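# Summary of structural features
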Amino acid sequence: YQRRVHGIVMNYVFIFLFFSACLTISFAWECSAHLIMMQIAWKELADEDKNKITRLLSGMTGLNPGFTLLESACFHEDMTAAGSTAFDLWKNYEIPYYDGIKETEANFTALLTDSLFAIKSMIQTLQTKAPASSAIMDSKLEKAFAIRYLIGAIGDIHQPMRTIARVTRQLPFGDHGGELFLIDYTQKIKNLKLLWDAAMGRLLPYDRPLKPVDIKGIEQLALLFTKEFPREILEELSITDIWLMIKNTYLYAAHYAYKGIREGERPSPDYTEMGWYYCRRLLTIGGYRTCLLYTSPSPRDQRGSRMPSSA
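Residues numbered from 1 in each chain as written. Predicted model: local features only at pLDDT ≥ 70, side-chain atom pairs only at ≥ 80, totals over all residues. Heavy atoms only, no water.

### Remarks on the overall build of the chain
Rule in force here: Only DSSP runs of H or I reaching four residues or more are called helices, and only runs of E reaching two or more are called strands; each is numbered from the N terminus. The cut-offs for exposure are 20% and 50% of the maximum accessible area for each residue type, with area from a 1.4 Å probe on protein chains only; residues under the lower value are buried, those over the upper are exposed, and the others partly exposed. For this analysis, residues touch if any pair of their heavy atoms sits within 4.5 Å. In this description, accessible areas are obtained by the Shrake-Rupley approach with a 1.4 Å probe, and a residue is regarded as covered only by the protein chains that are shown.
Along the chain, the regular secondary structure elements total ten helices and two strands. By residue count, 55% of the 311 residues in the chain fall in the buried class. Counting only contacts in the chain whose residues sit at least 6 apart along the sequence, the fraction spanning at least 24 positions is 77%. Entry remark: accessible area of the chain is about 14,300 Å², with carbon and sulfur atoms responsible for 55%.

### Examining the packing of helix α9 (residues 242-257) against helix α10 (residues 269-292)
For the record, the criterion: Angles here are taken between N-to-C directions and fall from 0 to 180 degrees, while the axes themselves are lines fitted to C-alpha atoms, restricted in helices to the stretch in contact. Oblique is the label for any angle not under 35 degrees, not over 145, and not in the 65 to 115 range, which are roughly parallel, roughly antiparallel and roughly perpendicular in turn. Residues are sorted three ways: Asp, Glu, Lys and Arg are charged, Ala, Val, Leu, Ile, Met, Phe, Trp, Tyr, Cys and Pro are nonpolar, and all the rest, Gly among them, are polar.
It is at 11 Å that the axes of α9 and α10 come closest, and there the two elements cross at 175 degrees. Relative to α10, the element α9 is oriented roughly antiparallel. Facing M245, N248, Y252, Y256 and A257 of α9, the residues of α10 in contact are Y271, M274, Y278, R281, L282, I285, R289 and L292. When grouped by side-chain class, the residues that make up the contact of α9 with α10 number ten nonpolar, one polar and two charged.

### Digging into the state of the cysteines
For clarity, the cut-off: Note on disulfides: each one is a pair of cysteine sulfur atoms within 2.5 Å.
Under the criterion given, the structure shown has one disulfide. Note that C31 is cross-linked by a disulfide to C74, the S-S spacing being 1.8 Å. The S-S bond linking C31 to C74 shows a torsion near 85 degrees; that makes this disulfide right-handed. With C31 in helix α2 (residues 29-44) and C74 in the loop between α3 (47-57) and α4 (75-81), this pair connects stretches of sequence that are 43 residues apart. As far as the burial class goes, C31 and C74 line up, both buried.

### Digging into the nonpolar core
Formally: To define a nonpolar core, start from buried Ala, Val, Leu, Ile, Met, Phe, Trp, Tyr and Cys residues and group those joined through side-chain atoms within 4.5 Å.
Counting residues in hydrophobic clusters, the biggest one holds 80 residues, and the most contacted among them are L192, L195, W196 and Y271. At eleven residues, α10 tops the list of elements feeding residues into this core. With near-sequence residues (within four places) excluded, L192 lies in contact with M161, G178, F181, I183, A257, Y258, I261 and Y271.

### Here we look at the pattern of salt bridges
Should their charged atoms come close, side chains of opposite charge can pair. Where we set the bar: Here, a salt bridge means any Lys or Arg side-chain nitrogen found within 4 Å of an Asp or Glu carboxyl oxygen.
For the structure shown, the criterion picks out twelve salt bridges. Between R162 and D197 there is a salt bridge, with its nearest N and O atoms 3.0 Å apart. One end of the pair, R162, is in the loop between α6 (136-156) and β2 (164-167); the other, D197, is in helix α7 (residues 192-197), and 35 residues separate them in sequence. Each member of the pair R162 and D197 is classed as buried. One salt-bridge network, in which partners are shared between bridges, spans D99, R166 and E263.

### Let's talk about the confidence of the model for the chain
Convention followed: Confidence scores labelled pLDDT are given residue by residue by the predictor and lie between 0 and 100.
Averaged over the chain, the pLDDT score is 82; the fraction of residues at 70 or greater is 78%. Here residues 14-29 is a poorly scored stretch, pLDDT under 50, and it has 38 contacts once near neighbours within four places are set aside; other chains count.

### Observations concerning the side chain of R166
Applied cut-off: Any pair of N or O atoms that falls within 3.5 Å is considered a polar contact. Within protein, one atom must be able to donate a hydrogen and the other to accept it, and sequence-neighbouring residues count only if both atoms are side-chain atoms.
Structurally, R166 is set in strand β2. A polar contact is formed between the side chain of R166 and the side chain of D99, at a distance of 3.0 Å.

### Let's talk about the packing of aromatic side chains
Rules: Here a Phe, Tyr or Trp ring, Trp counted by its six-membered ring, pairs with any other such ring whose centre lies within 6.5 Å, and the pair is stacked when the planes are under 30 degrees apart, edge-to-face when over 60, and tilted otherwise.
In this structure the tally under the stated criterion is twelve aromatic pairs. Plain terms: the ring middles of F75 and F145 are 5.2 Å apart, the flat faces sit at 90 degrees to each other, and that makes the pair edge-to-face. Residue F75 is found in helix α4, and its partner F145 is found in helix α6; the two are separated by 70 residues along the sequence. The two residues F75 and F145 agree in class, both being buried. Taking the centre distance of 6.2 Å and the plane angle of 45 degrees together, the rings of Y252 and Y256 count as tilted.

### Structural notes on the packing of helix α8 (residues 212-228) against α10
Packing of α8 against α10 leaves a shortest axis separation of 9 Å and a crossing angle of 100 degrees. Taken together, α8 and α10 sit at an angle that is classed as roughly perpendicular. Between α8 and α10, the contacting residues are F225, T226 and E228 on the first element and W276, Y277, R280, L283, T284 and Y288 on the second. Here the contact of α8 with α10 is composed, by residue class, of five nonpolar, two polar and two charged.

Shown next, in the form of structure tokens:
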């Protein structure tokens with residue numbers, strides 16, 4: 001398994017190197033949410049943990065001037081913006097939500113690779129000890145890749161539409177997290193997944209590399225979110241199993257995302273206000289949990305992987 005993970009990670013590292021050679025600026029709607037979560041996590045971390053993360057990230061330093069510590073949260077979004085689809089299957093975990101149809105009547109098939117697999121692979125890479133050989137540079141590059149990808153992957157499992165597939169009689173194979181649930185919103189936001197990716201259109205994209213004024217704005221949003229949702233009121237933070245985190249986010253999608261909205265129509269103000277509230281809540285939870293990655297004593301998830309410690 002470890003050799004398999006090594007091969008998978010190195011393949012994606014090479015894909016990254018190819019696309020990073022031509023990437024200078026990206027415009028990704030999802031990136032804004034990842035930046036906020038990273039900022040929340042960074043403010044929560046102790047200096048010792050920050051230094052350890054910085055050392056891990058440094059394995060890719062200089063490959064692209066846009067990859068600052070904060071912007072490392074946008075790693076796989078940058079690759080998508082550069083034209084790579086290599087990471088698309090690793091961004092979702094589709095739990096079926098049967099709506100008006102029995103499970104036995106559906107034709108739903110789970111993804112072969114998914115966000116849980118990605119997280120477990122990146123954790124395995126980070127926990128592997130560096131070899132005492134000429135391969136040490138490959139190991140540093142792998143770990144720098146893994147830490148960047150893991151930051152984004154933890155963020156993605158807090159986007160409700162990336163944890164669900166609505167299964168109906170019209171779509172017995174699922175709607176791929178709302179991709180096939182078409183809506184009338186904006187020129188860029190044409191389906192339910194994009195609406196939640198963009199946090200109801202409330203989070204605007206940033207030009208990259210980030211300008212000082214952009215960083216200030218991200219810091220202010222992170223501060224507002226943590227004031228609205230301090231740790232002590234978020235019962236979900238007691239969940240440390242990765243699989244249960246995904247299931248917890250799925251419940252938001254099942255209970256709220258498909259309620260009060262019709263296919264082909266424009267979401268109502270009530271719906272977008274509700275959605276914006278839960279986006280803020282989940283972004284904050286995602287930020288706190290990103291911090292947990294580097295401060296916890298490696299709690300095990302129910303499917304056998306372990307969250308990486310800061311060691």
